[in-house]
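Read off the chains here:
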Amino acid sequence: MTSDFEKTLIEYGPLLSRVASSYEANHHLQQELFQEISLAVWQSLKGFKGNASIKTYILRVAHNRAVNHVAYHAKQPKKEQYADENDISAPHLTEKKIAQSQQVNQLLRAIRSLPLQSRQIVTMSLEGLSYQEISQVCGIQSSNVGAILSRAKKSLSEILENDQ
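All values reported here derive from a predicted model rather than from experimental measurement.

Below, the discussion takes up the packing of aromatic side chains. Scanning the model with the defined rule gives one aromatic pair in all. Aromatic side chains Phe-48 and Tyr-57 sit 4.9 Å apart centroid to centroid with 55 degrees between the ring planes, which places their arrangement in the tilted category. Given the relative accessible area of 28%, Phe-48 is considered partly exposed. Accessibility expressed as a relative area gives 21% for Tyr-57, which makes it partly exposed.

In structure tokens:
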């Protein structure tokens, strides 16, 4: 018999993993952040009152935890870097998959360079949330979501253009 948390993690685990990767570049720290987010979701599920969709609620918890993670690690002195396991030059990958992986990594780097609020909004928009849902998660007006998203898209375009 699976618990509510297990069902939630099965359904939203990939979403939470994408949130973690949009905040953290290092694979090992992404895994750490994913675990922190999962724990935060588990702890907060008993407080879910149904005022929003479960997806919106979980994203709010995930983004709040991710912001705390980024703030904590920004204050820490730089330590030895872990080797990145996301080596796209692995021999089993086709050229097409390598090109796609490079594009995804380039987009993630660009997203990570945005200010936190813009990063949150872009990530949720990419996950298919409406302006209203994003406004609930971020605690801002729907009209502000559109303005922030528009500026973020422009910044992303400029960043990606400069990378080429």
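Those residues of helix α5 (residues 116-126) that fall on the buried side of the exposure criterion are Ser-118, Arg-119, Gln-120, Ile-121, Val-122, Thr-123 and Met-124. On the buried face of α5, the contacting elements are α1 (4-23), α3 (54-75), α4 (95-112), α6 (131-138) and α7 (142-163). The positive-phi residue at the C-terminal boundary of α5 is Gly-128, with phi of around 90 degrees.

Using the criterion set out here, one finds two salt bridges in the structure. Its salt-bridge partner being Arg-18, residue Glu-127 comes within 2.6 Å of it at the nearest N-O pair. Here the residue Glu-127 occupies a position in the loop between α5 and α6, and Arg-18 occupies one in helix α1, the gap between them amounting to 109 residues. On the accessibility criterion, Glu-127 (16% relative accessible area) is buried. Judged by its relative accessible area of 42%, Arg-18 falls in the partly exposed class. With a shortest N-O distance of 2.7 Å, Arg-65 and Glu-36 are connected by a salt bridge.

Parameters at a glance
- Residues numbered from 1 in each chain as written.
- Predicted model: local features only at pLDDT ≥ 70, side-chain atom pairs only at ≥ 80, totals over all residues.
- Heavy atoms only, no water.
- Phe/Tyr/Trp six-rings, centres within 6.5 Å; stacked < 30°, edge-to-face > 60°.
- Buried < 20%, exposed > 50% of the residue type's maximum accessible area, 1.4 Å probe, protein only.
- Helix = DSSP H or I, 4+ residues; strand = E, 2+ residues; numbered from the N terminus.
- Contact = heavy atoms within 4.5 Å.
- Salt bridge = Lys/Arg side-chain N within 4 Å of Asp/Glu carboxyl O.

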